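One-letter residues, chain by chain:
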Amino acid sequence: MERDFTARGHHDMGGLDAGEIDRAEHDYALWEKRVDALMMLCTNRLKLMTVDQLRKGIEALPPEAYDNMTYYERWISSVTNTLLERGVFTADELGAKMEEVKARYPDGVMPGGAAGGGC
Amino acid sequence: MSGDHHHHHHDHDHDHDHLHPYDPEHHHPHRADQDDTMTYYRLMEEAVRELMIEKGLVTPDDIRAEVEAMDARVPANGAKVVARAWTDPEFKTRLIETPKEAIAEVGHDIGPMRLVVLENTPEVHNVVVCTLCSCYPRWILGIPPDWYKSRSYRSRVVREPRTVLREFGTEIADNREVRVHDSTADMRYFVLPMRPAGTEGMSEAELAALVHRDAMIGVTEVSA
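The shown structure was predicted, so the numbers you read here are calculated from the model rather than taken from an experiment. (Residues numbered from 1 in each chain as written. Chains lettered and ligands numbered in written order. Predicted model: local features only at pLDDT ≥ 70, side-chain atom pairs only at ≥ 80, totals over all residues. Heavy atoms only, no water.)

> Would you mind showing me how to read the overall build of chain A here?
Within chain A one finds five helices and zero strands. Listed by position from the N terminus, the elements making up chain A come as α-α-α-α-α. Viewed in the frame of its principal axes, chain A has a C-alpha envelope of about 45 × 35 × 35 Å. Per-residue burial over chain A gives 48% buried out of 119 residues. Taking contacts inside chain A between residues at least 6 apart in sequence as the whole, the part at least 24 apart equals 58%. Of the roughly 5900 Å² that chain A leaves accessible, carbon and sulfur atoms contribute 51%. (Helix = DSSP H or I, 4+ residues; strand = E, 2+ residues; numbered from the N terminus. Buried < 20%, exposed > 50% of the residue type's maximum accessible area, 1.4 Å probe, protein only. Contact = heavy atoms within 4.5 Å. Areas by Shrake-Rupley, 256 points an atom, 1.4 Å probe, with all protein chains shown as cover.)

Given below as structure tokens:
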């Protein structure tokens, strides 16, 4: 299949039409700050990944995921994928740990995005 | 983009009869916070954090210390830099020529990225964006605001900056050039706003209290 390498990526939005800027802000939640902290540790201290890898993982998201996920949801998704690629942990280990964590929240887990916060 | 849409932002920029220390409560309506809802990705953060700890790559203290370090990166740090530049012309020259060293003099670290200081003048107004993502002088100003990362800001400010600035309550005279700077992961921009008239007798600390985050992004100007 032919690919158009000059086509814009979904993240490449400079100059496009868009609506009025929503200036509402939210205070970052602790889990969001921890994602930020993890990224800072992985790049600056552990040298497990670079900012470019973070961006690559975010830019590879399907457009609808990119738009619906909140900012730090995109980050943790990209950081996790990069750490999996680097073999820091395996998909099986991650899956088992996700189940273990999930069991701590008997009220259930929402799919994400819906928690609000945007961007 | 979901969350609350309070539209009281049209009037607050005209409320300039008092000092403007950085105060998100005053400047910007709030979105709902995300501490009380368990989501798939929040769960993923918890899982990844625990795996990293179990593998001995990080400790809980490392994460806590990094969160605290980020919490300490606030716009007031940038405001101190601006106030110093307004009161010390030699510092201003160093700030523009060697920002890393100059900002270190004020006690702050610009981090591993290159930083470019953009001086606003009567001829030129500068405004900063990252069209591709969210690059921002985060080592000096902290985590960027939601709108900086929004599709609307990233798309529009490069094409219709004056219209966007007007939405922030900022009117730039037609005879002043508006320059929009698109950040990259490795190069971040910091706007040095113009010192407002009527501040001649003010101390450095009093001046710093006038400088708020949005003026260092370039979407607003500083008023006395």
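The rest of the description comes next.
> Looking at this model, I keep getting lost on the overall build of chain B. Mind explaining?
The number of helices and strands found in chain B is 12 helices and four strands. Within chain B, contacts between residues at least 6 apart in sequence are counted, and of these 67% link residues at least 24 apart. Within the structure as shown, chain B displays about 9500 Å² of accessible surface, and the carbon and sulfur contribution to it stands at 51%.

> Help me understand the interface of chain A and chain B, please; the structure alone is not making it clear to me.
Interfaces are often sized by the accessible area lost when the parts come together. Contacts between the two partners involve 74 residues from chain A, matched on the other side by 71 residues from chain B. A buried area of about 7200 Å², summed over both sides, lies between chain A and chain B, and 59% of it is on carbon and sulfur atoms. It is I21(A), R23(A) and E25(A) in chain A that bury the most area against chain B; as a group they hold 13% of the surface buried on that side. Where chain A meets chain B, there are 11 salt bridges. Of the charged contacts, one joins R104(A) and E46(B) as a salt bridge, the two residues approaching to 2.9 Å between their closest N and O atoms. (Buried area = accessible area lost by both parts, 1.4 Å probe. Salt bridge = Lys/Arg side-chain N within 4 Å of Asp/Glu carboxyl O.)

> What's the story with helix α4 (residues 71–85) of chain A in this structure? I'm lost.
Residue pairs three or four apart in sequence face the same way in an α-helix, which turns once every 3.6 residues. Taking 1.5 Å per residue as the helical rise, α4(A) with its 15 residues ought to reach 21 Å, and the 21 Å between its terminal C-alpha atoms agrees with that figure. Of all the positions in α4(A), only Y71(A), Y72(A), E73(A), R74(A), W75(A), I76(A), S77(A), S78(A), V79(A), T80(A), T82(A) and L83(A) are classed as buried. Of the surrounding secondary structure, the elements contacted by the buried residues of α4(A) are α1 (30–45), α2 (51–59), α3 (63–68) and α5 (91–102) of chain A together with α3 (40–54) and α8 (138–141) of chain B. Count one or two residues on from α4(A) and you reach G87(A), which has phi positive near 75 degrees. (Expected span 1.5 Å × (residues − 1).)

> How do you make sense of the packing of aromatic side chains when you look at a structure like this?
Geometry of an aromatic ring pair is reported as the spacing of the ring centres plus the angle between the planes. Residues and elements named next belong to chain B. Summed over all chains, the structure comprises 11 aromatic pairs over all chains. Relative to Y153, the ring of W147 has its centre 5.0 Å away and its plane inclined at 75 degrees; by these criteria the two rings are edge-to-face. Residue W147 is classed as buried on the basis of its relative accessible area, which comes to 0%. A cation over a ring is seen here: R73 above W139, with NZ or CZ 4.3 Å from the ring centre. (Phe/Tyr/Trp six-rings, centres within 6.5 Å; stacked < 30°, edge-to-face > 60°. Lys NZ or Arg CZ within 6 Å of the ring centre and 35° of its normal.)

> Help me understand the packing of α1(A) against α4(A), please; the structure alone is not making it clear to me.
Each pair of packed helices can be summarised by the angle the axes make with each other and by the distance between the axes. Residue and element names in this part refer to chain A. The geometry of α1 relative to α4 is characterised by a closest axis approach of 10 Å and an angle of 40 degrees between their N-to-C directions. Along this stretch, α1 crosses α4, giving a crossing that reads as left-handed. Of the residues in α4, those in contact with W31, E32, V35, D36, L38, M39 and C42 of α1 are Y72, E73, W75, I76, V79 and L83. Looking at side-chain class alone, the contact of α1 with α4 contains 10 nonpolar, no polar and three charged residues. (Axes fitted to C-alpha atoms, helices over the stretch in contact; angles between N-to-C directions. Left-handed = near helix turned anticlockwise from the far one by under 90°. Nonpolar A, V, L, I, M, F, W, Y, C, P; charged D, E, K, R; others polar.)

> What is the right way to read helix α5 (residues 75–87) of chain B from this model?
Residues and elements named next belong to chain B. Between its terminal C-alpha atoms α5 stretches 19 Å, which fits the 18 Å expected from 13 residues at 1.5 Å a residue. All of the buried residues in α5 are P75, N77, G78, A79, V81, V82, A83, A85 and W86. Looking at the buried positions of α5, the neighbouring elements they touch are α6 (89–97), α7 (99–105), α8, β4 (187–192), α11 (204–210) and α12 (213–217).

> I would appreciate a short explanation of the environment of T6(A) in the present structure.
Residues and elements named next belong to chain A. Residue placement: T6 occurs in the segment before α1. Given a relative accessible area of 71%, T6 falls into the exposed group. Residues T6 and C42, 36 residues apart in the sequence, show an inter-C-alpha distance of 32 Å.

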